[in-house]
Amino acid sequence: MPQVTTPLRGGGRAAGAGKAAPGRPPGQGRPGPRRPGRWLWWTGTVLLALAVHSNWHVALAAWLFPVFLLRYARQRSARRGLLRVGYALGLGQLVWLLSTGLVFVPSALGAFAVLALLQALAFAADRLVAARTVCAAGTLVFPTVLVCGEYLFTRLVDFGDYGLLGFTQHGFLPLLQLASVTGVYGISFVVAWTASTAHWAWQRGFHRREIRRGALVWAGVLAVVLGAGGVRLVFFPPTTKTVRVAGISAGRTAERTTERALRAGGLRPYRPRELVRAAPDRVRAALAPVADDLVAGTEREARAGARIVVWPETQAGVLAADERRLLGRVAGIARAHRVYVDVAYALFVPQAPYVRNVAALVTPDGKIAWTYDKTHPTPMERMRPGEGNVPVAASPYGRLANVICYDADFPALMRQAADKGAALVMVPANDWPGFDALHAQRAVLRSVEYGYAVIRQSVHGVATAVDHQGRIRSTADYFTADRQTLVAQLPVQPRTETVYGAAGDVFALLCAVGTVLVVGLGVAGGRVVPLLRGGSGGSVRGARDGSPPGPGEALGPDAPPGDVLPAEAPGDAPSGEALPGNVRPGEGYAEGPSGRPVGGPGSDGDGVGPTGRGGVAGAGRSDGSRDASGAAAR
């Protein structure tokens, strides 16, 4: 029986080539099939757990984890590899749910199971379609499908835009400026494309001649993106004219006093029906300490020079009968000190569901500019949502707008403020440990996307003031201070026009169109040779330089869809050993994994047939001549 020994680049041998293991029956390799790439899965999964946007995430991990999971998926059979990658993505979402305390919220579990599935589709597209391409253009498949999945998640699942890869880069200001053109989706694309390009280069052994062109294209695009972001930061800074803004929260002493009074009366603030039906005097006395502290804080900051004061979401509670009195007290301060006050509170009303999440803007003339109800209650808030109309009012400091906490996680709602020319968006908020930092960091992206400043006053979280280029001007952490007070000088100017503010989700829609094309290529069997052939940046190994293809690589540019060598899948011989029985006696050619012969009689010295297609690279003739790689067929 003729045996072919074809050295792999780096010293190994092609699967199915080489000597049979001595002392073992034909067809039997080393004991027990190896499981290649297990370390790839573990490395990718650990990095993924560090990459999910949480209070302790590592921004660099978001660039790295897809590299290892893409590699793993290519080295295993499609079914097994993609299933394991899906497990990893599910574990990543579970880590996020545990870190934020949402793991016991059924709607959150369902939403992020959908997100994990959509993310897995990007890895499936890379494994089933990009693996068949023959140049660096295949690296675009993974980021395109990933962004399409993120866009579908934000549009179809009513959970905001959580889970998007781009949010992990909230501190990388030059890259962050891309959001002013593409939204956060463009940042996700750059991060994912970097990973797929690194994987593409790795699969080709980082050989300069093979990866030069594709690497230069990627590096050039990244340089343009970061360079343009740097130019925007340096040469188009915010105006130097600023306004002093303050975010206030009631002190912990006032909070504890109110909590003790409610418990003593057998009342639970998260059961608004109990407060509405209890004796009004008792409820009023229990709620007073927090409201009084916030009113006093408003006057304190107004005297200190703040022109805009923002309260946190629902820290103050007020019965419907007492609402006018509370706003009247604030109006007196506003008139006396010529200050705008965004008063946020939980309003307990006699009709079900017995509570409204409200913000009212009191102007310097003591009038109420608006009363806004939260548009997007969280899954834990059992209240009627507002109408979804973002209020905007003119002021000497630019047009002011108002949303509440979770509302800011819905780009379409925040676009209203941009469309109405808002220069400053006030966001009363109320978070909890696990959400304190990451929710504040997300506000940075909204500022860059739409070109307005944001002051987000969050009790039980991190309060943040951000300018329109994503610079954090001030923060105040509730958990590190007895009294959380945020003070910042925010630039005021007409809203900075952005491409994203005008064009919307065009980039994400283009990725959706690209995904349709990817699906079409997959259905057509991945025959993309006419469009994606060759070049030094993307030839298939073995089709051009005579070296045998590596695990998961196509055998040639025109190879049939099944002609991909798996990496020691169960049943294959370990690397460097032949599969006895897979070389046909007297014919001198090996069978492919699907059983079809690849390379046979009449193939030339480099293992490619007369047409230049279909042969196993490096497989020599059966007549004893040497192939182009110098391997003897014997």
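Per chain, residue numbering runs from 1 following the sequence as it is written. For a predicted model such as this one, the threshold for reporting local features is a pLDDT of at least 70, and the threshold for listing and counting side-chain atom pairs is 80 or more; totals across whole chains, interfaces and linings nevertheless cover every residue. With hydrogens and water excluded, all non-hydrogen atoms of the structure serve as input to the side-chain values.

*Asks:* Is there a simple way to think about the nonpolar core in this case?
*Replies:* Soluble globular proteins tend to pack their nonpolar side chains together in the buried interior. By size, the foremost hydrophobic cluster in this structure holds 149 residues, and its most contacted members are Phe159, Trp311 and Val425. Secondary structure counts use DSSP, requiring at least four H or I residues in a row for a helix and at least two E residues in a row for a strand, with both numbered from the N terminus. Counting residues per element, this core draws most heavily on helix α4 (residues 106-128), which supplies 11 residues. Buried Ala, Val, Leu, Ile, Met, Phe, Trp, Tyr and Cys residues form a nonpolar core when they are joined through side-chain atoms within 4.5 Å. Buried residues are those whose accessible area, probed at 1.4 Å on protein chains only, stays under 20% of the maximum for their type, while exposed residues exceed 50% and partly exposed ones sit between those limits. Counting 12 residues, the second-largest nonpolar core is a separate cluster that includes Leu267, Ala286, Leu319 and Ala346.

*Asks:* Can you help me understand the pairing of strand β9 (residues 424-430) in this one?
*Replies:* Looking along a regular strand, one sees side chains alternate from face to face of the sheet. The element β9 is largely enclosed, with a buried count of seven among its seven residues. In β9, alternate side chains face the same way, and those of Leu424, Met426, Pro428 and Asn430 on one face and Val425, Val427 and Ala429 on the other are all buried. DSSP bridges decide pairing: two strands pair if at least two such bridges lie between them. Where strand β8 (residues 400-402) lies against β9, three bridges are found, and the strand directions are parallel. Across the sheet, the residue bridging to asparagine 402 is methionine 426, located in β9. Handedness of the crossover joining β8 and β9 through helix α14 (residues 411-419): right-handed. Pairing of β9 with strand β10 (residues 453-459), which is carried by seven bridges, proceeds in the parallel orientation. Across the sheet, residue valine 425 finds its bridge partner in β10, namely valine 454. Orient the strands so they point away from the viewer; a crossover is then right-handed if the path from the first strand over the helix to the second runs clockwise.

*Asks:* Looking at this model, I keep getting lost on helix α13 (residues 323-337). Mind explaining?
*Replies:* Side chains three or four residues apart in an α-helix point the same way, a direct result of the helix having 3.6 residues per turn. Given a rise of 1.5 Å per residue, 15 residues ought to cover 21 Å, and the 22 Å separating the end C-alpha atoms of α13 matches this to within 8%. Taken residue by residue, α13 has Glu323, Leu326, Leu327, Val330, Ala331, Ile333, Ala334 and His337 as its buried positions. Taken around the axis of α13, the buried residues stretch over an arc of 165 degrees, which confines them to a single face. The exposed set on the far side of α13, more than 90 degrees from its buried face, consists of Arg324, Arg325 and Ala336. Contacts between residues were defined by any pair of non-hydrogen atoms, one from each residue, lying within 4.5 Å. If you follow the buried residues of α13, they end up packed against α12 (280-303), β3 (317-319), β4 (340-348), β5 (355-362) and β6 (368-373). In this scheme, a helix's expected span is set at 1.5 Å multiplied by one less than its residue total. This arc describes the spread of directions from the helix axis toward the C-beta atoms.

*Asks:* Can you walk me through the side chain of serine 395 in this structure?
*Replies:* Residue placement: serine 395 occurs in the loop between β7 (392-393) and β8. On the basis of relative accessible area, serine 395 is assigned to the buried category, the value being 15%. Here a polar contact is recorded for every N or O atom pair within 3.5 Å, except that within protein the pair must consist of a potential hydrogen donor and a potential acceptor, and residues adjacent in sequence are included only if both atoms are side-chain atoms. Polar contacts involving the side chain of serine 395 include one to the main-chain carbonyl oxygen of glycine 398, which spans 2.6 Å. Setting aside anything within four residues of it in sequence, one finds serine 395 in contact with Tyr340 and Leu400.

*Asks:* Looking at this model, I keep getting lost on the environment of glutamate 255. Mind explaining?
*Replies:* Looking at where glutamate 255 falls in the secondary structure, it is placed in helix α10 (residues 252-264). Spatially, the C-alpha atom of glutamate 255 lies 9.2 Å from that of leucine 287, the residues being 32 residues apart in sequence. When neighbours within four sequence positions are excluded, glutamate 255 is seen to be in contact with Val290, Gln315, Val459, His460 and Tyr478.

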